[in-house]
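Here is how the chains run, residue by residue.
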Amino acid sequence: NSLLNTSRQWQRIERKSPNFGFTSTAFWFKFSINNPAASASDVYLELAIPFLDKVDVFQLKNNKVIAQHIVGDTYSFEQRPIIHQNFVLPFTLDPGKNELIMRVASAGTVEAPLTLWTPADHARFSADDHMVQGIWAGVIGIMIIYNLLLFFSIREVSYLYYVAFAFGFLFFQVSLKGYGFAYIWPDFLEWNSYAISVFIGICNITIVLLNIEYLKLKDTSPKAYRVMRIVALIAGLSLLLTFVIPYSLTVRINSALAMIICSLSLTLGYITLIQGKQDARHYCLAWTATFIGIGISGAVKFGFFNANFWTNNAGQIGVMFL
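Residues numbered from 1 in each chain as written. Predicted model: local features only at pLDDT ≥ 70, side-chain atom pairs only at ≥ 80, totals over all residues. Heavy atoms only, no water.

*Asks:* Mind showing me how you'd approach the packing of helix α6 (residues 222-241) against helix α7 (residues 247-274) here?
*Replies:* The geometry of a pair of packed helices is captured by two quantities: the angle between their axes and the separation between those axes. Here α6 crosses α7 at 160°, and the two axes come no closer than 11 Å. As far as their axial angle goes, α7 and α6 are roughly antiparallel. Relative to α7, the crossing made by α6 is left-handed. Between α6 and α7, the contacting residues are Ala224, Met228, Val231, Ile234, Ala235, Ser238, Leu239 and Leu241 on the first element and Thr250, Ile253, Asn254, Leu257, Ile261, Leu264, Ser265 and Leu268 on the second. (Axes fitted to C-alpha atoms, helices over the stretch in contact; angles between N-to-C directions. Helix = DSSP H or I, 4+ residues; strand = E, 2+ residues; numbered from the N terminus. Parallel < 35°, antiparallel > 145°, perpendicular 65-115°, else oblique. Left-handed = near helix turned anticlockwise from the far one by under 90°. Contact = heavy atoms within 4.5 Å.)

Have a look at this one:
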């Protein structure tokens, strides 16, 4: 009855890609899909935000539900109608106008960019996307191995911090894109519920430690060194809290902390460069791209930017410059 309540006040969404940032509110969406064909057509409706807790989609006809799908990362992966890292929902569209209603709820961000596919087009796109993501993961994997070998050879601890950061960021993306739940831990629902926050926390603390070591803050700027030690302590505490307090809170804390750390680290890098430390030149060039990318990704999650290919992948693109 509540689903078909005609008295509900619907508001038009003007933005191209619905993104409400971190919120505890469930959102309802009502939309229609026109099928210009003379006969019924089989389609896939894809919601490429795999970390949403619960997504209910209902197809209506004459004010009656004729098809529905209930998915989310709080449900077993095998329960999905189409086995895919994203939420891919099959529907049969009658000729003409087809009405659908969707409810989205999540402890993290609520985003709802929908894409309509034919099954064949979706298969081709997924194959290409998997190849691109595989190449990116391969590049990051090579960087991890290379820097790990440098650490064993030179014994410079900054390389080890970089390896830990790259590892954390790799698995943050694996979790964020749904590949972890799809291919690595499909049976571990509880772990999947807070994996994203854990890997953000790992990235936070390793970035701070890397900055302290690479910029030699203990010797060059004792005040900055003390500040970053406090930030490292906070980052470490927030990482530990991901296993204790609700994900809805830790993901907000860790995401906000990531943006703060990005800003602090970049500022320290340029201050060090201005002071004449030429070693900071490479640092500034490499981390400017990285921090801008991570910052954009964080801003998208807080709803400051619309989600699209470039903003969703800004962090991955930025890290490629390291």
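Having seen the model, we can carry on.
*Asks:* Explanation requested: helix α1 (residues 119-154) in the structure shown.
*Replies:* Side chains three or four residues apart in an α-helix point the same way, a direct result of the helix having 3.6 residues per turn. For α1, built from 36 residues, the straight-helix expectation of 52 Å at 1.5 Å per residue is met to within 8% by its first-to-last C-alpha distance of 52 Å. Along α1, the positions that sit buried rather than exposed are His122, Ser126, Gln133, Trp136, Ile140, Met143, Ile144, Asn147, Leu150 and Phe151. Where α1 is buried, its residues touch β3 (41-47), β6 (87-93), β9 (114-117), α2 (157-176), α3 (179-184) and α10 (314-319). (Expected span 1.5 Å × (residues − 1). Buried < 20%, exposed > 50% of the residue type's maximum accessible area, 1.4 Å probe, protein only.)

*Asks:* How do you make sense of the sheet that holds strand β7 (residues 96-105) when you look at a structure like this?
*Replies:* The strands making up a sheet associate through hydrogen bonds between their backbones, and the pairing can be parallel or antiparallel. As summarised here, the arrangement of the 4 strands in space is β2-β7-β4-β5, forming an open sheet in which the pairing is antiparallel. Every other strand in the sheet has two partners, leaving β2 (27-35) and β5 (64-71) as the edge strands with one partner each. Looking at each pair of strands side by side, their axes are set apart by 20° on average, direction ignored. Relative to β7, strand β4 (residues 54-61) runs antiparallel, the two being bridged by 7 bridges. (Pairing = 2+ DSSP bridges.)

*Asks:* How should I be thinking about the sheet that holds β6 in this particular structure?
*Replies:* Strand order in the open sheet formed by 3 strands is β6-β3-β9, and the pairing between neighbours is antiparallel. Only two strands of the sheet have a single neighbouring strand rather than two, namely β6 and β9. Adjacent strand axes in the sheet meet at a mean angle of 25°, parallel and antiparallel pairs treated alike. With 7 bridges joining them, β3 and β6 adopt antiparallel strand pairing. What sits directly across from Leu45, in β6, is Leu89. Relative to β3, α1 is tilted by about 35°, and along the sheet it contacts β3, β6 and β9.

*Asks:* Honestly, the environment of Ala235 in this entry has me stumped. Any pointers?
*Replies:* Counting through the fold element by element, Ala235 comes out in helix α6. A residue is classified by how much of its surface remains accessible, and Ala235, at 0% relative accessible area, is buried. Residues Ala235 and Ile253 lie 18 residues apart in sequence; the distance between their C-alpha atoms is 9.4 Å. Each residue touching Ala235, except ones within four places of it in the same chain, is listed here: Asn204, Ile205, Leu257 and Ile261.

*Asks:* Would you mind going over the layout of surface pockets with me for this structure?
*Replies:* The gaps of empty space that remain are located by a probe, the size of a water molecule, rolled over the atoms. If you add up the space inside the second largest pocket, you get close to 370 Å³. Along the wall of the second largest pocket there are 16 residues; nearest its centre are Asn147, Tyr159, Tyr162, Tyr214 and His282. Counting residues per element, the lining of the second largest pocket draws most heavily on α1, at 5 residues. Taken together, the residues of the lining of the second largest pocket sort by class into 12 nonpolar, 3 polar and 1 charged. (1 Å grid on protein atoms, 1.4 Å probe; cavity = no way out; pocket = protein on both sides within 12 Å on 5 of 7 lines; lining within 4 Å. Points joined across faces, edges and corners; volume = space filled by probe spheres on them. Nonpolar A, V, L, I, M, F, W, Y, C, P; charged D, E, K, R; others polar.)

*Asks:* What's the story with unusual backbone geometry in this structure? I'm lost.
*Replies:* Among all residues except glycine, the phi angle is most often negative; among peptide bonds, the trans geometry is most common. A positive phi angle is found at Asn62, which is not glycine, with a value near 55°. Turning to its location among the elements, Asn62 is positioned in the loop between β4 and β5. Asn62 gets classed as exposed once you look at its relative accessible area, which sits at 69%. A positive phi is found at Asn63, a non-glycine position, where the angle reads about 60°.

*Asks:* What is the right way to read helix α4 (residues 189-214) from this model?
*Replies:* Taking 1.5 Å as the rise per residue, α4 with 26 residues should run 38 Å; its terminal C-alpha atoms sit 38 Å apart, in good agreement. By the largest-angle criterion, Ala195 marks the main kink of α4, which is about 45°. Positioned one or two residues after α4, Lys216 has a phi angle of 50°, which is positive. (Bend = angle between axes of the 7 residues up to and from the residue.)

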